Amino acid sequence: MKKALLLGVLISGLAFGQTKKLASSDVHWWGYKIAKTEASSHDGTVNVKSGNLVLKNGSVVGGQFVLDMTSINATDLSGEYQGKLNGHLKNGDFFEVEKYPTATYKITSVKKNASKDYNFVVNGNLTVKGKTNPVSFPAKITSANGVVTLESDKFSFDRQKFDVAYKSTMQDVLVKDDVDLKVKISVK
């Protein structure tokens, strides 16, 4: 009986894939004012709280990562201005981190891509402030020494689809809807 149970577990692992846990991560964001240029932007980081990738036959087929929105930090500013921007990002003006401390990206599929630099397209669902929308991005997926790394190209999502809106109507017109992200997660 024990052998049959062990065999069943092994077979199900082969059928559904192997889950590898987060080893390291780097998430960088960019937000823009009226014109989407480097001169009119702010950028920073957000920490990954947890994550995993699901592999089947050595290929990424699923997974998810959870962003710790309480860690969102503008890195292009310092001192008082950095504190003010971080406050706006964390409070009801944008992400409401007391009410929504995390955001989640769940991979639904990974497809081959013609690009040599980013050879896959990762499709998934992003959940921010309790709202879920599909978001896809080009990614480079590599494997070395038991570590699998998924690294995205810079991609955009529309913050308005997640109710991430500056509460002052006039101010929201001055802030572009696109938020850019670059994500790098490694699992082992």
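Quick notes on the rules
- Residues numbered from 1 in each chain as written.
- Predicted model: local features only at pLDDT ≥ 70, side-chain atom pairs only at ≥ 80, totals over all residues.
- Heavy atoms only, no water.
- 1 Å grid on protein atoms, 1.4 Å probe; cavity = no way out; pocket = protein on both sides within 12 Å on 5 of 7 lines; lining within 4 Å.
- Points joined across faces, edges and corners; volume = space filled by probe spheres on them.
- Helix = DSSP H or I, 4+ residues; strand = E, 2+ residues; numbered from the N terminus.
- Nonpolar A, V, L, I, M, F, W, Y, C, P; charged D, E, K, R; others polar.
- Core = buried A, V, L, I, M, F, W, Y, C linked by side-chain atoms within 4.5 Å.
- Buried < 20%, exposed > 50% of the residue type's maximum accessible area, 1.4 Å probe, protein only.
- Contact = heavy atoms within 4.5 Å.
- Phe/Tyr/Trp six-rings, centres within 6.5 Å; stacked < 30°, edge-to-face > 60°.
- Lys NZ or Arg CZ within 6 Å of the ring centre and 35° of its normal.

Engineer: Now, about empty space enclosed by the protein: what can you tell me, with residues and values included?
Structural biologist: The full count for this structure, using the stated rule, is one cavity of 30 Å³ or more. What the largest cavity holds in volume is close to 50 Å³. Taken together, Phe65, Leu67, Tyr105, Leu126, Val135, Phe137, Phe155, Leu181 and Val183 form the lining of the largest cavity. Elements with a minimum of two residues in the lining of the largest cavity: β3 (59-74), β6 (131-144) and β9 (178-187). Broken down by class, the residue content of the lining of the largest cavity amounts to nine nonpolar, no polar and no charged.

Engineer: For the layout of surface pockets, give the residues involved together with the corresponding values.
Structural biologist: Taken as a whole, the largest pocket encloses approximately 590 Å³ of empty space. If you list the elements that add at least two residues to the lining of the largest pocket, you get β1 (18-32), β2 (41-56), β3, α2 (79-90), β5 (120-128), α3 (169-174) and β9. Of the residues forming the lining of the largest pocket, the biggest block, four residues, is contributed by β1. Looking at side-chain class alone, the lining of the largest pocket contains 21 nonpolar, six polar and four charged residues.

Engineer: Can you explain the nonpolar core? Please cite residues and give values.
Structural biologist: Counting 41 residues, the largest nonpolar core has Leu53, Leu67, Met69, Phe95, Tyr105, Val122 and Leu150 as the members making the most contacts within it. Dropping the residues within four chain positions of it, Tyr105 is found in contact with Gly63, Gln64, Phe65, Val122, Asn123, Gly124, Asn125, Leu126, Val135, Ser136 and Phe137.

Engineer: Give me the packing of aromatic side chains: which residues, what numbers.
Structural biologist: With the rule as written, the count across this model stands at four aromatic pairs. When the ring of Phe157 is compared with that of Phe162, the centres are 5.6 Å apart and the planes differ by 85°; the resulting orientation is edge-to-face. Phe162 carries the same exposure label as Phe157, and that label is buried. By way of ring pairs, the aromatic residues Phe65, Tyr105, Phe137 and Phe155 are connected into one cluster. Of note, Lys140 hangs over the ring of Tyr118, and the distance from its end group to the ring centre comes to 5.9 Å. Sitting over the face of the ring of Trp30, Lys154 holds its NZ or CZ atom 3.8 Å from the ring centroid.

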